[in-house]
Amino acid sequence: MTKFICISDSHVGVDQEKYNTVNYHIQKGYHDHDEEIVNSLSRLIESESIDFVVHSGDIIDSASVEQIQSVHKLFAALPVPLYLCLGNHDLDDSDAQLWWLEHAPSFFPNNQINYSLNCDDCVIHMVPNQWGDEAYTWTTTQKATFLDEQLTFLNTALEQRPDVFHFVVTHSPVFGIDQEQVGPGMGTHAADEGFIQCFETLCKRHPHLRVVVGGHTHHNMYVSDYNCHFVTTSAFLEAPFDCKMFTINNEEQLIDMCTRSLASDVPFPVEYDYDKTQSQGRLWDRSFIEKDGQFIKK
């Protein structure tokens, strides 16, 4: 059995007041309590016997050597490894990808930005999508794509170990958020048709690709399509500090996903806006079970 936690959009290093007034957010952010929230995550990891943590991007708010070193130190406090898929805010400088490999090496096995985690029950492919014309650099454009070499990497990697479940972790969501979840007229963060077609092709070519994990929207979301689960995770340092827990048992052909909130465990008062519960999602945005090829929404 393999158990891991996924978090996203922590935006460590952001100015707290600016984040809660100007920056894109849904719930109130508690970035000035990041160490306490990470300590709470550590307690969850130990109580649930988690093997590792995956971060699906925007671990920091803006890239610099100092900020990368700081966030590397912050998450080094976890009792298990953390592996990172870079998001747009992590790549807002043309030198950022080099800084990450030099100053946060434990986040990237084999010193690679695109890499696979080979576990007993699954394989997880970490592939940060591109945003504009310059590879691994984000300015203002938010058009999600993969480079040709990333697609080659994915197709080659997905051909290995077809007898176990495969995951792809990227930053951009593939599908937009359901209007029933966010309300009429609200933005859905849907990817361009080309990015959707990319995953349609991957899923049809590799039927053992079972889960695609993203972030970026600061919402928990679930879509089932192409015989695959597409999920996103809300912002980790925004109340109520959600994280997704995956349990995979290949012998039992089981994938179990649930969402855990850390707000009740942190040692400071937490304000939650009940008019914006859409960020936490509905029950089926927060959990599902697949067993023996059958999808079961909890």
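Right above here is the structure, for reference.
To start, this report covers the structure provided alongside it.

Moving on: the packing of aromatic side chains. Inspection of the entire model under this criterion finds 21 aromatic pairs. Taking 5.6 Å as the distance between ring centres and 75 degrees as the angle between the ring planes, the aromatic pair formed by phenylalanine 4 and phenylalanine 167 counts as edge-to-face. Of the two residues, phenylalanine 4 is situated in strand E1 (residues 2–7) and phenylalanine 167 in strand E6 (residues 165–169); the sequence distance between them amounts to 163 residues. Take phenylalanine 4: its relative accessible area is 2%, and that puts it in the buried class. Between phenylalanine 52 and tyrosine 83, the aromatic rings sit 5.9 Å apart at their centres with planes inclined by 65 degrees, giving edge-to-face as the arrangement. Of this pair, phenylalanine 52 sits in strand E2 (residues 52–55) while tyrosine 83 sits in strand E3 (residues 82–84); the two residues are 31 residues apart in sequence, bridging distant segments of the chain. Taken together, the ring pairs in this structure connect Phe146, Phe175, Phe195, Phe199, Tyr226 and Phe230 into an aromatic cluster.

Leftover empty space is mapped by rolling, across the atoms, a probe with the size of a water molecule. Computed from the structure, the largest pocket encloses a volume of approximately 210 Å³. Every residue lining the largest pocket is counted, 13 residues in all, and those nearest its centre are Tyr24, Asn88, His89, Gln142 and His216. Looking at the lining of the largest pocket residue by residue, the class counts come to three nonpolar, eight polar and two charged. Volume-wise, the second largest pocket comes out at about 160 Å³.

Looking now at the packing of helix H3 (residues 65–75) against helix H4 (residues 96–103). Viewed as axis vectors pointing N to C, H3 and H4 meet at an angle of 40 degrees, and their least axial separation amounts to 10 Å. Classified by the angle their axes make, H3 and H4 are oblique. The element H3 and its partner H4 pack so that their crossing is right-handed. Residue-level contacts link Val65, Ile68, Gln69, Val71 and His72 of H3 to Ala96, Trp99, Trp100 and His103 of H4.

Now for unusual backbone geometry. With an omega of 5 degrees, the peptide bond running from alanine 239 to proline 240 counts as cis. Examined against the element boundaries, proline 240 turns out to sit in the loop between strand E9 (228–232) and strand E10 (242–249). For arginine 161, which is not glycine, the phi dihedral falls at a positive 50 degrees. Mapped onto the secondary structure, arginine 161 falls in the loop between helix H5 (148–158) and E6. Positive phi values are uncommon outside glycine, yet glutamine 253 reaches one of about 50 degrees.

Rules used in this analysis
- Residues numbered from 1 in each chain as written.
- Predicted model: local features only at pLDDT ≥ 70, side-chain atom pairs only at ≥ 80, totals over all residues.
- Heavy atoms only, no water.
- Phe/Tyr/Trp six-rings, centres within 6.5 Å; stacked < 30°, edge-to-face > 60°.
- Helix = DSSP H or I, 4+ residues; strand = E, 2+ residues; numbered from the N terminus.
- Buried < 20%, exposed > 50% of the residue type's maximum accessible area, 1.4 Å probe, protein only.
- 1 Å grid on protein atoms, 1.4 Å probe; cavity = no way out; pocket = protein on both sides within 12 Å on 5 of 7 lines; lining within 4 Å.
- Points joined across faces, edges and corners; volume = space filled by probe spheres on them.
- Nonpolar A, V, L, I, M, F, W, Y, C, P; charged D, E, K, R; others polar.
- Axes fitted to C-alpha atoms, helices over the stretch in contact; angles between N-to-C directions.
- Parallel < 35°, antiparallel > 145°, perpendicular 65-115°, else oblique.
- Left-handed = near helix turned anticlockwise from the far one by under 90°.
- Contact = heavy atoms within 4.5 Å.

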